[in-house]
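Residues per chain are reported as follows:
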Amino acid sequence: MAKETEELFVKQAEVYKEARPRAPEELYSYLASLTPSHELAWDVGTGNGQAAAVISKHYKKVIATDVASEQLKYAEKRPNITYSATPTTLSKDDLTRIVGPEGSVDLVLIVEALHWFDFDKFYENVKYVLRKPGGVIAATVYPSRPRVEGAQLTKALDDFWASIERHWSPQIFEYVETGYKNLPFPFAPVVQGNEVPHFEATVDARFGEFVNYLKSLSGVQTAIDRGEDPLNEDQMKVFADAWGPPETVRCLRWPLDMVVGTV
């Protein structure tokens with residue numbers, strides 16, 4: 001993860017915790033069912049620890065790491081979770097000290113973050129720490145844009161997305177919006193593609209929560225850094241008119257894709 005990418009998530013750490021969608025607990029139960037042992041899980045790019053908190057119900061110990069230490073200030077605490085801020089690349093010594101020795105990790109989990117990583121270096125570390133046999137690496141991803149209810153709100157979101165398209169990083173188009181189909185992933189499949197169950201993240205949001213999600217997007221943060229405000233007064237009025245009363249609750253939906261492998 002490049003330094004400028006890390007800074008995107010440092011600046012928005014507090015809003016990120018409240019705004020990002022949460023995957024259903026059934027997803028994590030499914031991933032846990034794929035590992036015969038449940039001693040240790042490593043949640044990489046944990047952010048505010050949403051996934052770590054859930055996966056900790058299935059594993060005796062969870063190591064949750066992130067390069068953005070500011071994000072970890074808002075992490076969900078559990079007695080069996082250890083949070084650590086790490087450099088962008090871990091040496092073998094640091095990997096052993098922070099995560100565990102060779103062959104010790106049952107599940108390496110990456111939620112909506114793998115596309116930012118240095119694949120070669122990260123995968124080398126994964127292959128080192130994964131339990132053999134039985135260790136699993138799983139990376140989940142959802143599209144940046146939620147599915148929304150109502151033709152007027154859908155049109156408003158269409159226009160907004162077009163206005164920020166040039167501010168997205170290339171990884172978003174190449175990997176995220178294709179559901180990781182183009183992602184390099186040098187691991188043996190645990191299950192065949194047509195056997196992977198379908199999951200969906202949903203949020204019942206009021207208007208303020210919807211806006212906070214948009215503020216948390218890396219494309220919006222990049223636009224602000226470049227001197228533009230995509231969520232300016234005029235845009236906010238468009239969204240407010242399309243949403244209706246701010247206390248109106250609308251369901252936002254994100255389909256979840258994943259890649260799951262083993263060494």
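Residues numbered from 1 in each chain as written. Predicted model: local features only at pLDDT ≥ 70, side-chain atom pairs only at ≥ 80, totals over all residues. Heavy atoms only, no water.

**A short note on the overall build of the protein chain**
Put simply, the rule reads: The helix count covers DSSP runs of H or I at least four residues long, the strand count covers runs of E at least two residues long, and both are numbered beginning at the N terminus. The globule rule used for comparison is 2.2 Å times the number of residues to the exponent 0.38, while the radius of gyration itself is calculated over C-alpha atoms. Only protein chains enter the accessibility calculation, which uses a 1.4 Å probe; a residue is then buried when its area is under 20% of its type maximum, exposed when over 50%, and partly exposed in between. Between two residues, a contact is recorded if the distance between any of their heavy atoms is within 4.5 Å. We get accessible surface area from the Shrake-Rupley algorithm with a probe of 1.4 Å; when it comes to residues, only the shown protein chains can shield them. The positive count covers Lys and Arg only, the negative count covers Asp and Glu only, and His and the chain ends enter neither. Note on charges: their place is set at NZ of Lys, CZ of Arg, CG of Asp or CD of Glu.
Secondary structure summary: the protein chain contains 12 helices and 8 strands in total. Taken against the 2.2 N^0.38 rule, which gives 18 Å for 263 residues, the C-alpha radius of gyration of the protein chain at 19 Å falls within 12% of a compact globule. In terms of overall dimensions, the protein chain has C-alpha extents of about 55 × 35 × 35 Å along its principal axes. Burial statistics for the protein chain: of 263 residues in total, 54% are counted as buried. Partitioning the contacts of the protein chain with sequence separation of at least 6, the portion at a separation of at least 24 is 77%. Counting every atom, the protein chain has about 12100 Å² of accessible surface; 50% of that belongs to carbon and sulfur. Separation between the mean location of the 28 positive side-chain charges and that of the 38 negative ones in the protein chain comes to 3 Å.

**Thoughts on empty space enclosed by the protein**
The cut-off we apply is this: Every definition here rests on a 1 Å grid over the protein atoms only: cavities are sets of points where a 1.4 Å probe fits but cannot get out, pockets are open sets enclosed by protein on both sides within 12 Å along at least five of seven lines, and lining residues have some atom within 4 Å of a point. Grid points are joined across faces, edges and corners, and a volume is the space filled by probe spheres set on the points. Residue polarity is assigned by list, with Asp, Glu, Lys and Arg as charged and Ala, Val, Leu, Ile, Met, Phe, Trp, Tyr, Cys and Pro as nonpolar; anything else, Gly included, falls into the polar class.
Tallied over the full model, the rule gives 2 cavities of 30 Å³ or more. Here the largest cavity defines a volume of roughly 250 Å³. Forming the boundary of the largest cavity are 17 residues, of which Val44, Pro87, Thr88, Phe117 and Phe122 lie nearest the centre. Secondary structure elements with two or more residues in the lining of the largest cavity: β1 (40-44), β2 (61-66) and α7 (119-129). Grouping the amino acids of the lining of the largest cavity by side-chain chemistry returns 8 nonpolar, 6 polar and 3 charged.

**Notes on the nonpolar core**
Side chains that are nonpolar tend, in soluble globular proteins, to be buried together. Stated precisely, the cut-off is as follows: Residues enter a nonpolar core if they are buried and are Ala, Val, Leu, Ile, Met, Phe, Trp, Tyr or Cys, with the set joined through side-chain atoms within 4.5 Å.
Within the largest apolar cluster, 85 residues are counted, with the highest numbers of intra-cluster contacts made by Trp42, Val108 and Phe122. If we skip the residues at most four places from it in the chain, Phe122 touches Trp42, Val44, Val108, Ile110, Leu114, Phe117 and Ile137.

**Digging into the packing of helix α10 (residues 207-215) against helix α12 (residues 233-243)**
Packed helices, taken two at a time, are described by the angle between their axes plus the distance between the axes. This is how it is decided: In this analysis, axes come from line fits to C-alpha atoms, helices being fitted only over the stretch in contact, and the angle between any two N-to-C directions falls in the range 0 to 180 degrees. Oblique is the label for every angle not falling under 35 degrees (roughly parallel), over 145 degrees (roughly antiparallel), or within 65 to 115 degrees (roughly perpendicular). Definitions for this section: a left-handed crossing has its near helix turned counterclockwise from the far helix by less than a right angle. A right-handed crossing has that turn clockwise.
Running from N to C, α10 and α12 cross one another at 140 degrees; their axes reach a closest spacing of 11 Å. In terms of orientation, α10 lies oblique with respect to α12. Relative to α12, α10 is oriented so that their crossing is right-handed. Packed against α10, whose contacting residues are Phe207, Phe210, Val211 and Leu214, the element α12 presents Met236, Phe239, Ala240 and Trp243 at the interface. Here the residues of the contact of α10 with α12 sort into 8 nonpolar, no polar and no charged.

**Thoughts on the pattern of salt bridges**
Defined as follows: When a carboxyl oxygen of Asp or Glu is within 4 Å of a side-chain nitrogen of Lys or Arg, the pair counts as a salt bridge.
Throughout the structure, instances matching the rule amount to 15 salt bridges. The partner of Glu70 in a salt bridge is Lys73, and the shortest N-O contact between them spans 3.0 Å. Across the pair Arg253 and Glu200 runs a salt bridge, and its minimum N-O distance is 2.9 Å. One end of the pair, Arg253, is in strand β8 (residues 250-262); the other, Glu200, is in strand β7 (residues 199-205), and 53 residues separate them in sequence.

**Focus on the UniProt feature "domain: Methyltransferase type" (unreviewed entry) in the protein chain**
We count it as follows: UniProt positions are given in the numbering used here, feature names are shortened, and annotations may be inferred rather than shown by experiment.
In the numbering used here, UniProt assigns the "domain: Methyltransferase type" (unreviewed entry) feature to residues 43-137. Between the C-alpha atoms that bound residues 43-137 the distance is 10 Å, and the span itself is 29% helix and 21% strand.

**A few points about unusual backbone geometry**
Along the chain, Lys132 connects to Pro133 via a cis peptide bond; the corresponding omega equals -5 degrees. The topology assignment puts Pro133 in the loop between α7 and β5 (136-141). Residues other than glycine seldom take positive phi values, yet Glu112 does so here, at roughly 55 degrees. In the Ramachandran plot, Tyr180 falls in the positive-phi region, its phi being about 65 degrees despite a non-glycine side chain. Note on placement: Tyr180 falls in the loop between α9 (170-176) and β6 (188-189).

**Focus: the pairing of β1**
The side chains of a regular strand alternate, first on one face of the sheet and then on the other. What counts here: Crossovers are described as right-handed under a simple rule: with the strands pointing away from the observer, the path leading from the first strand over the helix to the second runs clockwise. Strand pairing is defined by DSSP finding a minimum of two bridges between the two strands.
Buried residues dominate β1, accounting for 5 of its 5 residues. Burial along β1 is two-sided: Leu40, Trp42 and Val44 facing one way and Ala41 and Asp43 facing the other are all buried. Handedness of the crossover joining β1 and β2 through helix α4 (residues 50-55) is recorded here as right-handed. Direction of pairing for β1 relative to strand β4 (residues 107-111): parallel, over a ladder of 4 bridges. Paired with Asp43 across the two strands is Leu109, which belongs to β4.

**Some details on the side chain of Asn125**
Residue position: Asn125 is located in helix α7. If we ignore the near neighbours within four places in the chain, the residues touching Asn125 are Leu90, Lys92 and Leu95.

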